[in-house]
Amino acid sequence: MNSIGSDELSFLLESTGWTLLLTAISFLAGGLIGGVIAILRLSRNRAVATVAILYIQVLQSVPVLMVLFLSYYGLALAGLELPPLLAASVSLGLYVSAYLAEIWRGSIEAVPYQQWEASASLALSPAQQYAYVVLPQAIRISLPPTVGFLVQLVKNTSIVSVVGFVELARAGQLLNNALFQPFRIFGAVAVIYFLICFPLSRLSRYLEKVFHAGRRH
Amino acid sequence: MPFQFQFAPVLAQWGMIFDGAILTVKLSAAAIVLGFAAAILLSAARSMGPRWLRLVVDVYVELLRNTPFLIQLFMVFFGLPELGVRLTAVQAAMLAMTLNLSAYSTEIVRAGIESIHHSQLEAGYSLALTSRQVFQHVVLVPAVAKVWPALSSQFVLMLLASSIVSFISVQELSGTAAVIESRSFRSFESYIVATAIYLALALLLKLVLFGIGRAAFPRVSGLARVQTKGESA
């Protein structure tokens, strides 16, 4: 029986690169959409805010797997032929956008209201208020939960293996089909995920501690 | 030719869809009940147990929270038979879901327990309560009451994550959608129907959990709750 050698390990590490790339692209794409949704969600226009709420609520109430399938087939129906990496990133990006929008909305709302009033009294336009006064403070507040969500995203990229994109989880399945040593192979895969996620989890908790230093009892 | 929606071939299989949805509900309910019960035991061990036991619980929680649910599922379904433990797909799904949820819930309950002020414990001991009584009445119940919203969203996320067990061929809702897709070739419609049912189930579960929270912890006001959000598996 074959065992896990350096070839297998380098295959796993190579696909770890794809997992990280997938995470990065979908985080950026989701972040862009999510940022816009967060600001729409806080709009004074009722209709606009309601659309944003619906977007967030629906995407947070359906499985990522369904978002994945629907956007896959949706893109195909729209006649868009995207390379697998891009299609997978778009699907994950939709999921990311709903969660980041909600996290960032909370962060923006956590900035004291007086900051808005003070900047308005300095005759800043709403865009300027966001850019120079509110967002710099909100970003600071949002860092711990955003990093925490990044951990969720790294783990959820594993679902993309269902559409055949070879990232870490799919690489583990392929190796297992060839070698049939599930415990060791998926164990190794789990260790790699852990080595990515655990430091991020710690970072998130550390940031939380630093930023909330004054509020602990 | 523009795309035309055809839901009829999908909805013709409504019996299968119904069975799939029922299995999703059963799996999620079992995982929520068992996972939450395990989380309470783990929290008790973490709060009152000896040092080594606390360490074991912490390692368990961190291991499960920092690896994907899919890999945990594969470990249980494909890995355990290598060690001589053979489970059916449904049993493996239930075990993996329970383990996963227990770790997340333990972490959430920990946040609640840490929010209980030390003077509360001292007050409990000064009333001659035993340490088990203090843990149960002074620490655990108020802690769970405070983090109930976070627990609720974690439970909903478990319902959504249950779709992943279709990877090991469990015929729950998303597994059923895949079968119907391959039979009817209406992929988009199959997944729209499944997604709509997930949406309905998630909203229903949120409502039920909100009701349970109201009934079980009537004295906790909304403001007193600890704001920690759930995390997806």
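Residues numbered from 1 in each chain as written. Chains lettered and ligands numbered in written order. Predicted model: local features only at pLDDT ≥ 70, side-chain atom pairs only at ≥ 80, totals over all residues.

1. As for the confidence of the model for chain B
Here comes step 1: Put simply, chain B has an average pLDDT of 89, and 93% of its residues get 70 or more.
Here comes step 2: No element of chain B has a lower mean pLDDT than helix α1 (residues 8-11) of chain B, which averages 77, and none a higher one than helix α3 (residues 51-65) of chain B, which averages 96. (pLDDT = per-residue confidence, 0-100. Helix = DSSP H or I, 4+ residues; strand = E, 2+ residues; numbered from the N terminus.)

2. A few points about helix α4 (residues 84-110) of chain A
Here comes step 1: Counted at 1.5 Å a residue, the expected span for α4(A) with its 27 residues is 39 Å, and the 38 Å between its end C-alpha atoms agrees.
Here comes step 2: Of all the 27 residues making up α4(A), 21 are buried; the element is thus mostly covered by neighbouring parts of the structure. (Expected span 1.5 Å × (residues − 1). Buried ≥ 20, exposed ≤ 12 C-beta atoms within 10 Å, placed from the backbone.)

3. Things to note about the nonpolar core
Residue and element names in this part refer to chain B.
Here comes step 1: If you look at the biggest cluster of nonpolar residues, it comprises 118 residues, and the most contacted ones within it are Leu73 and Ala93.
Here comes step 2: The element contributing the most residues to this core is helix α7 (residues 131-161), with 16 residues.
Here comes step 3: The residues touching Leu73, leaving out its near neighbours within four places in the chain, are Ala92, Ala93, Ala96, Ile164, Val165, Phe167 and Ile168. (Core = buried A, V, L, I, M, F, W, Y, C linked by C-beta atoms within 7 Å. Contact = placed C-beta atoms within 7 Å.)

4. Description of the interface of chain A and chain B
Here comes step 1: Each partner contributes to the interface: chain A provides 32 residues, whereas chain B provides 33 residues.
Here comes step 2: Listing elements by their share of the side of chain A that touches chain B, those giving two or more residues are α3 (64-77), α6 (126-156), α7 (168-179) and α8 (182-211) of chain A.
Here comes step 3: Of the residues belonging to the side of chain A that touches chain B, the class tally is 22 nonpolar, nine polar and one charged. (Nonpolar A, V, L, I, M, F, W, Y, C, P; charged D, E, K, R; others polar.)

5. Quick notes on the environment of B:Val25
Here comes step 1: With respect to the secondary-structure elements, B:Val25 resides in helix α2 (residues 14-48).
Here comes step 2: In this structure the C-alpha to C-alpha distance between B:Val25 and B:Ser166, which are 141 residues apart in sequence, comes to 14 Å.

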